[in-house]
Amino acid sequence: MFNNFFFIGLPYAALTVLLVGSVFRYYRLGFKVSSLSSQFLEGRELFYGSRPFHWGVIFLFFGHATAFLIPRAVILWDRVPLRLIILEVTALGFAFSALFGLLMLIQRRFKNKRLWAVTTKMDVFVYIMLLTQIISGIWVAWFAHWGSAWFATSLTPYLRSLFTFTPDVAIMAQMPLSVQIHVVSAFVFIGMIPFTRFIHFLVYPFAYITRNYQVVIWNWDRKKIRTSGKLVNGVRSKNN
Amino acid sequence: MDIRSQIAMVFHLDKCIGCHTCSIACKNIWTDRKGAEYMWWNNVETKPGTGYPSKWEDQDIYKGGWEKKGKTIRLKGAGKFKGLKNMFHNPNMPVLEDYYEPWTYQYEHLFEAEEGDDQPVARPVSLITGEPITPKAGPNWDDDLGGSQEYARKDVNARNLSAAEQEAMFQLERMSFHYLPRICNHCLNPACVAACPSGAIYKRGEDGIVLINQKKCRAWRMCVTACPYKKSYFNWNTGKSEKCLLCYPRVESGQAPACMHSCVGRIRYLGVLLYDADKIEAVASCAEHDLVEKHLDIYLDPNDPAVIKAARANGVADSTITSAQNSPVYKFVKKWGLALPLHPEFRTLPNLFYVPPLLPTMAFVENGSYETTSESFWGAIEKSRLPMKYLANLFSAGNEKTIETVLKKLMAVRLHRRNVTVGDLPEDEVNGPMNEVMMDKDTADAIFRLTSLPLFDDRFVIPAAHREEAMEMLESTADVKGNTGFGFKEPPKRGL
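Residues numbered from 1 in each chain as written. Chains lettered and ligands numbered in written order. Predicted model: local features only at pLDDT ≥ 70, side-chain atom pairs only at ≥ 80, totals over all residues.

Caption draft 1: Representation of the overall build of chain A in the model. Assigned secondary structure in chain A consists of eleven helices and one strand. Along chain A, helices and strands appear, N-terminal first, in the series α-α-α-α-α-α-α-α-α-α-β-α. Taken over the C-alpha trace, chain A has a radius of gyration of 23 Å; the compact-globule value for 240 residues is 18 Å, which it surpasses by more than 25%. If one aligns the C-alpha atoms of chain A with their principal axes, the spans along those axes are about 80 × 50 × 40 Å. In chain A, buried positions account for 23% of the 240 residues. The contacts in chain A between residues at least 6 apart in sequence include a share of 81% that link residues at least 24 apart. (Helix = DSSP H or I, 4+ residues; strand = E, 2+ residues; numbered from the N terminus. Rg over C-alpha atoms; globule rule 2.2 N^0.38 Å. Buried ≥ 20, exposed ≤ 12 C-beta atoms within 10 Å, placed from the backbone. Contact = placed C-beta atoms within 7 Å.)

Quick look at the structure:
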């Protein structure tokens, strides 16, 4: 019953909310999609918080994604014990980097009155959410280690079962409490993306990498209209 | 040839009296809002001085603008690699302290204070936190040199002056200053546009105004770093960047922007320039000593039949071409060569030009007495109160020859007019300077007229945009008849 709620109901609810909510917010409340940077109000301490936090979280995200998408490759890598240890230690290092950054960010926000002026209830929720997620993750890494190895054989099938609409909670039910908390909090996190500043990572500017540096926008491109193939000889275009 | 039209400006610094009316007009219309209190899209600085934000010209600190790299240019502190790498914390971004903490006064306290022995006072409180603060800086804190030389001595433009030149400049008796009103330059090669990872900042094709799409801005803050003039500001409340929009709703309907309309000294001119967009990259990448010359070369003669033909083929409206032919900016910048861009070495090709201030030495202290005699009527240009090198650092990327020519022209006009109205100068004292800059009497009279006696319509020649057509391109206007308007009608509320 609880298992069905937390490991079937919650994930599907979260993913649906993520999909519908983000699209709605992006198209209907576009003005409110922003990373809400606070560097302008406080610049120095942000460096020690934001950088370790973001780089840590990005590495961990791609680590989890790799184990989910190509479990075979991860298992092959883990066959040599030294490589397994290197992977585990690196991942844990990034987790501590993210935790350190987050703690710096939290103390910075609570200490500074200016930042308090731009802090919403949702920002406090975001901090609680991230703390739960990172601490439970470190707990898993510490007490249920060699995660990169067992993730591929236990969590990947569970997650895959969700995406193929044949949810199977048998594996999750047997998992230790730390893993269960980590998974549940992850899905709450996903579901809250459209309602918090988490939305900013969905609008990461990938397009910048390939676009021209300069952007020129024409409201009224006379040249285009004049040379348009749609115009029939002798017929005035609607706008001309 | 890719001919486009650009709304360009000239500010005549000799006429600026530093009254800040422009700043107030702008503030009242655009930035009197939460999160924007500290922004001055239009500000007036005293030079020499550190300006607003403090030391904005020092690109060793802020890394704004472009720098030459081999045969081309690259953004100094932003760009695809640096921008995305520094997204989480931008090391070169100015913060609130570099501008100032906006404040108001507790006026209510004057009325509501309890009866007591002391007179109630209105304490200054921060507009961000609401806590009492002691203001320590403001947008024009060093106005009129701020009562000391401290600000003037920190001026970035005086850095490469020799010790003797600096001493001469700061001698109390010779201390002089001029004002520098600044708005967004609406550059041809804007660094803010190039640095914006979201692609929210763009240059409008029709008139070249640079705008920020508030719906697309994601607060990556790279424009604040990249703009070497620090004219892109971060709204701390909405989490969006904002900048001068040249009052585009006014310009589109043929009216002058608020700062220009309200200018008391009538120092501001606005008009159309036609330019060749194909040349932008080559011009922005040229050697530093050629920058001003090449930059001015990009603007084309609107009376040349070949230019008119190419402009029409490119979709420039006839009304715009007519405006370009009557443009006061074209006269100052191209025809007479009197106006120069501010800090061309930033390589953004700004479209705001300045007629540099003529500050001849009228008198000096010698042996303890105030000496007012000089060999010529206004003294020589070389004896300008501000060192030529200093003005060259501001307006011609260090090229003293360029600035000297402009000042000589301005002086020639004055001598000529003195001769016309008073007629007390010897013939060769007038003709010599006139011949030196190859100026005839008609030109001198025309410069005088547009400088001293211009009518409103001489100063602002703005073609109204054909927005009625543009709107029909986007949607059928009949469908929204009776509705409240077009477009973006969301209140500017901070996101979650």
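After presenting the structure, the write-up continues.
Caption draft 2: Structural context of the nonpolar core. By size, the foremost hydrophobic cluster in this structure holds 131 residues, and its most contacted members are B:V10, B:C192, B:A195, B:A226, B:V329 and B:F332. B:F332 has contacts with B:V10, B:Y269, B:L338, B:A339, B:F353 and B:V355, leaving out every residue within four places of it along the chain. Counting residues in hydrophobic clusters, the runner-up holds 15 residues, among them A:A95, A:L105, A:I134 and A:V183. (Core = buried A, V, L, I, M, F, W, Y, C linked by C-beta atoms within 7 Å.)

Caption draft 3: Representation of the interface of chain B and chain A in the model. Contacts between the two partners involve 45 residues from chain B, matched on the other side by 45 residues from chain A. Those elements giving two or more residues to the side of chain B that touches chain A turn out to be α3 (80-85), α7 (191-195), β8 (201-204) and α21 (467-474) of chain B. Here the side of chain B that touches chain A is composed, by residue class, of 20 nonpolar, 13 polar and twelve charged. Examined bridge by bridge, strand β1 (residues 216-217) of chain A and β8(B) share two bridges and lie parallel to one another. Opposite A:I217, over in β8(B), you have B:R204 as the bridge partner. (Nonpolar A, V, L, I, M, F, W, Y, C, P; charged D, E, K, R; others polar. Pairing = 2+ DSSP bridges.)

Caption draft 4: Region of interest: the sheet that holds strand β13 (residues 299-300) of chain B. Residues and elements named next belong to chain B. Spatially, the five strands line up as an open sheet ordered β13-β12-β1-β15-β14, and their pairing is mixed. In the strand order of this sheet, the two ends are held by β13 and β14 (340-341), each with one partner. Packing of helix α15 (residues 328-335) onto the sheet brings it into contact with β1 (3-12), β12 (268-276), β13 and β15 (352-355), and relative to β12 it is tilted by some 70°. (Axes fitted to C-alpha atoms, helices over the stretch in contact; angles between N-to-C directions.)

Caption draft 5: Layout of the pairing of strand β3 (residues 66-69) of chain B. Residues and elements named next belong to chain B. With four bridges connecting them, β3 and strand β4 (residues 72-75) associate as antiparallel partners. By the bridge assignment for β4, K68 is matched with I73. Between the antiparallel neighbours β3 and β4 lie two residues, among them G70 with a positive phi of about 65°.

Caption draft 6: Quick peek at α15(B). Summarising burial for α15(B): six of the eight residues are buried, a large majority. Where α15(B) is concerned, the buried positions are B:P328, B:V329, B:Y330, B:K331, B:F332 and B:V333.

Caption draft 7: Geometry of the sheet that holds strand β9 (residues 210-212) of chain B. Read from one edge of the open sheet, three strands run β1(A)-β8(B)-β9(B), paired in mixed fashion. One side of each edge strand has no neighbouring strand; the edge strands of this open sheet are β1 of chain A together with β9 of chain B. The pairing of β8(B) with β9(B) spans three bridges and is antiparallel. Bridge assignment links B:K203 to a residue of β9(B), and that residue is B:V210.

Caption draft 8: Representation of helix α9 (residues 177-192) of chain A. Residue and element names in this part refer to chain A. In a regular helix each residue adds 1.5 Å, so 16 residues correspond to 22 Å; α9 covers 22 Å between its end C-alpha atoms and thus fits that length. Residues V179, H182, V183, S185, F187 and M192 constitute the buried set of α9. The inward-facing, buried residues of α9 contact α1 (2-28), α6 (121-143) and α8 (170-174). (Expected span 1.5 Å × (residues − 1).)

Caption draft 9: Here's a closer look at the packing of helix α3 (residues 71-78) of chain A against helix α7 (residues 147-163) of chain A. Residue and element names in this part refer to chain A. The interhelical angle for the contact between α3 and α7, taken along N-to-C directions, is 150°, at an axis separation of 8 Å. Here α7 runs roughly antiparallel to α3, going by the angle between their axes. Seen from above, α3 lies across α7 with left-handed handedness. When α3 is examined against α7, the residues P71, V74, I75 and D78 are found in contact with a partner set consisting of S148, A149, A152 and T156. Classifying every residue of the contact of α3 with α7 gives five nonpolar, two polar and one charged. (Parallel < 35°, antiparallel > 145°, perpendicular 65-115°, else oblique. Left-handed = near helix turned anticlockwise from the far one by under 90°.)

Caption draft 10: Representation of the environment of A:W139 within the structure. Relative to the elements of secondary structure, A:W139 occurs in helix α6. Through-space distance from the C-alpha of A:W139 to that of A:V179 is 8.5 Å; in sequence the pair is 40 residues apart.

Caption draft 11: Structural detail: unusual backbone geometry. All names here are of chain B. With an omega of 0°, the peptide bond running from K47 to P48 counts as cis. A cis geometry characterises the amide bond from Y52 onward to P53, with omega recorded as -10°. Within the element layout of this structure, P53 appears in the loop between β2 (43-47) and α2 (59-62). Phi is positive for M438, close to 55°, though the residue is something other than glycine. Counting through the fold element by element, M438 comes out in the loop between α18 (427-436) and α19 (441-452). We classify M438 as exposed; it has 9 C-beta atoms within 10 Å.

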